[in-house]
Structure formats: structure tokens, C-alpha cells
Amino acid sequence: MNLILLGPPGAGKGTQASLLVARLAIPHISTGEILREAGRRGTQLGLLAKPLIEAGHLVPDEVAIRVMSERLLGQDVKSGFILDGFPRTVGQAEALEPLLREAGLAAIGRVFFLDVSDEKIAARVSGRRSCPRDGQVFHVTANPPRVEGRCDQCGGALETREDDEPEMVLERMKLYRRSTEPLIAYYKERGLLVSLDAMAPAEEVHAEIVAALPFPRSREEAARECEPGI
């Protein structure tokens, strides 16, 4: 089961991806996190992407496609994956289809668009805190860490990402509206798009996603469907 989460910064894609990972046991692939980690390690790709991300800009299509082509070769994606942050443009979406075929993977089964107002996004993003060590993300009210200011996983100090600063959020929203919104029409034309009101509580949004999944929604449900007489 191969899925895509679309939506503006702060729409809750990471939260929904985490819930889906727990339910489906497939990896969450965040191109933003891959590029930020590459920047922390000082790789050639990371050094190229870091200033763009910090300035609130999208990385060029060829860079994003290169990241995805490498990631889709991993053994952990054979049973499915959840894409978050890719594709961001129609060009990336068009490139994804041959990448999947070349990797021997199934086509995208569903695309979920998490729609949120700009005002809600600003409130969500301003309270977001990230761990620079392992990429864990928290929110001061919606998903606070067990110890204030400290990562639950490694205990490191949390910080506000540069691209979560208010002026960067505004820039990211402009880029999103200009570059990413055409994807909604692209996937709608292909019958893959499911639009959701992401201003609802995360649990309600997750329930709507689960109801719209194209395949059995958990290993237990899949096993029951294979039982005689069902």
C-alpha cells in the first residue's frame, strides 16, 4: 500500500503519518527530514539543500527526485510506504511513476490532501518544537514532550526550526500555494485524491483516512478476510 500525504506546512502530515505507521507497519518517508539529516551530516546533497530549506524555499525538482530515487531502493518499502513532502510539484509527481516501476513497486494507491486554513497553520507551526539529533517533532500544546524542552527519545534539547519561524512560514505558504496546489488537480483527475478537513481533531482525520484506504486496513483485518466463510 503506497500512500501520499499532501498539505501545507503544519497541516498535520507528520501526525497522520505516525498514526498510519503504527497501523500499517510501513515506513514514513519524509523528504524534508532526509534533507535536514543530510545537512546535519554535511553531505554534498545536504550542503546543497540546507540554505534553500533555511530560506523557506523548495529544493529543485532534480534534487528531490534524486533523493526519492535512492530512498525507494530500500528493502523496507517493498510492502508499502507513506510519502510526506514528495511530490511537491507536478513535475515530481510525473517523475514518481517511472521511479516506482523501475524499483519494482506498486503504483500510488491513494493521495490524502489535508486542508487547513492559513490561520490554523500559523498557530500550529508556531508551537512546533524539533529535536536536532533525531528529528522527533513535538508541539507545546497538541503533543508536548514528557519533559518540557527535552526530546522523549534522546533527551536532547528541543528547538524551533528556522523554517518554522513566522516569516519563514509565510514564505513557505506562498511557495505551497504556487507550486504544490496544482498537485490536487493532478491527482484528482486520476481518481486518487481524498480531501480531508484537517482542522478536525487528529483522531477524526485519521479515522477518515483509514475509511478511505484502498486495501485491508491492518494485518489483523487482512487475516480475518482470508478466513473461511468471511
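Here the structure is a predicted model, which means the values were calculated and not measured.

Looking at the overall build of the chain
Part 1 of the argument: Secondary structure assignment for the chain yields ten helices and seven strands.
Part 2 of the argument: For 230 residues, the compact-globule estimate of 2.2 N^0.38 gives 17 Å, and the chain sits close to it at 18 Å.
Part 3 of the argument: Referenced to the eigenvectors of the C-alpha coordinate spread, the extents of the chain come out at roughly 55 × 40 × 30 Å.
Part 4 of the argument: Taking all 230 residues of the chain together, the buried fraction comes to 45%.
Part 5 of the argument: Long-range contacts, defined as pairs at least 24 residues apart, comprise 69% of the intrachain contacts of the chain with a sequence gap of at least 6.
Part 6 of the argument: When the accessible surface of the chain is summed, it comes to about 11,800 Å², and 52% of that surface belongs to carbon and sulfur atoms.
Part 7 of the argument: For the chain, the distance from the average site of its 29 positive side-chain charges to the average site of its 34 negative ones is 2 Å.

Here we look at the sheet that holds strand S2 (residues 28–30)
Within a beta sheet, neighbouring strands are joined by backbone hydrogen bonds and run either parallel or antiparallel to one another.
Part 1 of the argument: Pairing within the open sheet is parallel, and its five strands lie in the order S2-S3-S1-S4-S7. With partners counted over all chains shown, the strands left at the sheet margins are S2 and strand S7 (193–197), one partner each. The average undirected angle you get between the axes of adjacent strands in this sheet is 20°.
Part 2 of the argument: Note: strand S4 (residues 110–115) against S7, five bridges, orientation parallel. Counted as the bridge partner of Val-111 is Leu-193 from S7.

Some words on the pattern of salt bridges
Part 1 of the argument: Across all of its chains, the model carries four salt bridges by this definition.
Part 2 of the argument: Put simply, Asp-76 and Arg-71 hold a salt bridge, and the shortest N to O gap is 2.8 Å.
Part 3 of the argument: Its salt-bridge partner being Asp-152, residue Arg-146 comes within 3.8 Å of it at the nearest N-O pair.
Part 4 of the argument: Here Asp-152 falls in the partly exposed class, since its relative accessible area comes to 27%.

A short note on the pairing of strand S1 (residues 2–6)
Part 1 of the argument: Judged by how many residues are buried, S1 sits mostly within the fold: five of five residues are covered.
Part 2 of the argument: Side chains Asn-2, Ile-4 and Leu-6 project from S1 onto one buried face, and the interleaved Leu-3 and Leu-5 project onto a second face that is buried too.
Part 3 of the argument: Pairing between S1 and strand S3 (residues 81–84): four bridges, direction parallel. Among the inter-strand pairings, Leu-5 is bridged to a residue of S3, identified as Asp-84.
Part 4 of the argument: Where S1 meets S4, four bridges bridge the pair, whose relative direction is parallel. Of the residues in S4, the one forming a bridge with Leu-6 is Phe-113.

Quick word on helix H4 (residues 61–71)
Part 1 of the argument: Within the span of H4, buried status applies to Val-63, Ala-64, Val-67 and Met-68. End-on view of H4: buried residues confined to an arc of 130°, all on one side of the axis.

Thresholds, definitions, all that
- Residues numbered from 1 in each chain as written.
- Predicted model: local features only at pLDDT ≥ 70, side-chain atom pairs only at ≥ 80, totals over all residues.
- Heavy atoms only, no water.
- Helix = DSSP H or I, 4+ residues; strand = E, 2+ residues; numbered from the N terminus.
- Rg over C-alpha atoms; globule rule 2.2 N^0.38 Å.
- Buried < 20%, exposed > 50% of the residue type's maximum accessible area, 1.4 Å probe, protein only.
- Contact = heavy atoms within 4.5 Å.
- Areas by Shrake-Rupley, 256 points an atom, 1.4 Å probe, with all protein chains shown as cover.
- Lys, Arg positive; Asp, Glu negative; His and termini not counted.
- Charge placed at Lys NZ, Arg CZ, Asp CG, Glu CD.
- Pairing = 2+ DSSP bridges.
- Axes fitted to C-alpha atoms, helices over the stretch in contact; angles between N-to-C directions.
- Salt bridge = Lys/Arg side-chain N within 4 Å of Asp/Glu carboxyl O.
- Arc of directions from axis to C-beta.

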